[in-house]
Amino acid sequence: DSAATGPGSEFQAGSTLHVEGRLGHSKLGKASRGETFVMLEVKADPAKAKARAPVNLALVIDRSGSMKGNRLRNAIQGAVAAIERLNDGDVVSVVTFDSRTQILVQPTTIDASSRSRIRSDVQGISLGGDTCISCGVEDGLALLERTTGRVNRMIVLSDGDATAGVRDIPGFRSMAQRARDRGASITTIGVDVEYNEKIMTAIAADSNGRHYFVENETALERVFETE
């Protein structure tokens, strides 16, 4: 499926994904070591691009006492940013946790009316007590499983300082692997500079998700553009 476009040193192939390549040498001498290099550029055909698949998103938000100040404000701003970026027809649920969980928003299909209501609910989150990250993740996963036919994603916003429920790294890895096996990836966002990076990284890595830390609203904007 490839065709030469130059004197043996350039080539291209593909349709939906178009590959263009250039070799460092068009010919290699028999007495040489037979080494060269290749530069590849891969482009998608804009005419064949498809809209992203509908999303089933669970937002899991830490509201424990250690989240006071900028941490909780950053987490709320991050959750609102995620809600604003969802398309009409996507599904979102919201879980908050301290020592226990609260299902703030049951799985809800996004439209103009529900988006505004969910945003208002999230902005009203207040501080609680201890931190049970595993409680929030488990309830978030249960909510994801109520909706089918969409890409399952979970975003956890926390300082990662577990004081209740699962507290050890192997335990968090096992929990994340269960999420992955059920078809859900977890993105973790450490809010503010001081947080438990080991816990948050373990949850993301073992569920095939990503991990970030943010210091302010500007950093959150970049994270959600990426996600």
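Our structure is the block above this text.
All values reported here derive from a predicted model rather than from experimental measurement.

Visitor: Describe the overall build of the protein, and please don't skip the residues or the numbers.
Guide: Along the protein, the regular secondary structure elements total six helices and ten strands. Relative to its length of 227 residues, the protein is extended, with a C-alpha radius of gyration of 23 Å against a globular reference of 17 Å. The principal-axis extents of the C-alpha atoms in the protein amount to approximately 75 × 40 × 35 Å. Evaluated residue by residue, the protein yields a buried proportion of 40% over its 227 residues. Once local pairs closer than 6 in sequence are excluded, the contacts in the protein between residues at least 24 apart make up 65%. Surface summary for the protein: the accessible area is close to 12100 Å², and the carbon and sulfur share equals 47%. Of the side-chain charges in the protein, 28 are positive and 30 negative, and the distance between the mean point of each set is 3 Å.

Visitor: I'd like a description of helix H4 (residues 169-181), backed by residues and values.
Guide: Over its 13 residues, H4 extends 18 Å from the first C-alpha to the last, a length consistent with the 18 Å expected when each residue adds 1.5 Å. Restricting attention to buried positions, one finds in H4 the residues Gly171, Phe172, Met175, Ala176 and Ala179. Projection of H4 onto a plane perpendicular to its axis shows the buried side chains occupying an angular sector of 135°, all on one side. For H4, the exposed residues set more than 90 degrees away from the buried face come down to Pro170 and Asp181. Buried residues in H4 make contact with helix H3 (133-144), strand S9 (184-191) and helix H5 (197-206). Two to three positions downstream of the cap, the backbone nitrogen of Gly171 sits 2.9 Å from a side-chain oxygen, assigning the N-cap of H4 to Asp168.

Visitor: Talk me through the pattern of salt bridges; I want residue IDs and the actual numbers.
Guide: Considering all chains together, one arrives at nine salt bridges under this definition. The residue Glu41 makes a salt bridge to Lys43 at a minimum N-O spacing of 3.7 Å. A salt bridge links Arg180 to Asp181; its shortest N-O distance comes to 3.5 Å. Its relative accessible area of 59% is what places Asp181 among the exposed residues.

Visitor: I'd like a rundown of the environment of Ser158, residues and numbers included.
Guide: Within the secondary structure layout, Ser158 lies in strand S8 (residues 151-158). Ser158 sits 134 residues away from Gly24 along the chain, and the two C-alpha atoms are 49 Å apart. Aside from chain neighbours lying at most four places away, what touches Ser158 is Asp62, Met67, Phe97, Ile133, Ile189, Gly190, Val191 and Met200.

Visitor: Tell me about unusual backbone geometry, residues and numbers included.
Guide: Despite not being glycine, Asn208 shows a phi value in the positive range, around 65°. By the element assignment, Asn208 lies in the loop between H5 and strand S10 (211-214). Take Asn208: its relative accessible area is 59%, and that puts it in the exposed class.

Visitor: Give a detailed account of H5, specifying residues and quantitative values.
Guide: Regarding H5, the residues found buried are Ile199, Met200, Ala202, Ile203, Ala204 and Asp206. Residues of H5 that are buried sit in contact with H3, S8, H4, S9 and S10. Of the residues that open H5, the one with a side-chain oxygen 3.3 Å from the backbone nitrogen of Lys198 is Asn196.

Visitor: Any details on the sheet that holds S9? Residues and values, ideally.
Guide: In spatial order, the strands read S7-S6-S5-S8-S9-S10; together these six strands make up an open sheet with mixed pairing. Sheet topology places strand S7 (101-109) and S10 at the edges, where each strand pairs with a single neighbour. Between one strand axis and the next, the sheet turns by 15° as a mean value, whatever way the strands run. Here strand S6 (residues 91-97) runs beside S7; their pairing, made up of six bridges, is antiparallel. Its bridge partner lying in S7, Val92 is registered against Thr108. Lying on the sheet, H5 is in contact with S8, S9 and S10; it crosses S9 at an angle near 160°.

Calculation criteria
Numbering of residues begins from 1 in every chain and follows the order in which that chain's sequence is written. With pLDDT at 70 or above as the cut-off, local features in this predicted model cover only qualifying residues; side-chain atom pairs require 80 or more to be listed or tallied, and sums for whole chains, interfaces and linings still use all residues. Water and hydrogen atoms were dropped before computing side-chain values, which therefore reflect all heavy atoms in the structure. Note on conventions: DSSP H or I runs of at least 4 residues are helices, E runs of at least 2 residues are strands, and numbering of each starts at the N terminus. Our radius of gyration is a C-alpha quantity, and the globule rule it is checked against amounts to 2.2 Å times the number of residues to the power 0.38. Only protein chains enter the accessibility calculation, which uses a 1.4 Å probe. A residue is then buried if its area is under 20% of the maximum for its type, exposed if over 50%, and partly exposed in between. Any two residues whose heavy atoms approach within 4.5 Å are treated as being in contact. Computed with the Shrake-Rupley method and a 1.4 Å probe, the accessible areas treat only the protein chains shown as cover for residues. A positive count includes Lys and Arg, and a negative count includes Asp and Glu. His and the chain ends are not counted in either. Charged side chains are reduced to one point each, which is NZ for Lys, CZ for Arg, CG for Asp and CD for Glu. Here the expected length of a helix is defined as 1.5 Å per residue gap, with one fewer gap than residues. The arc in question is formed by the directions pointing from the helix axis toward the C-beta atoms. Any pair of N or O atoms that falls within 3.5 Å is considered a polar contact. Within protein, one atom must be able to donate a hydrogen and the other to accept it, and sequence-neighbouring residues count only if both atoms are side-chain atoms. In what follows, salt bridge is the name for a side-chain nitrogen of Lys or Arg lying within 4 Å of a carboxyl oxygen of Asp or Glu. Note on pairing: two strands pair once DSSP finds at least 2 bridges between them. In this analysis an axis means a line fitted to C-alpha atoms, helices contributing only their contacting stretch, and an angle means the value between N-to-C directions, from 0 to 180 degrees.

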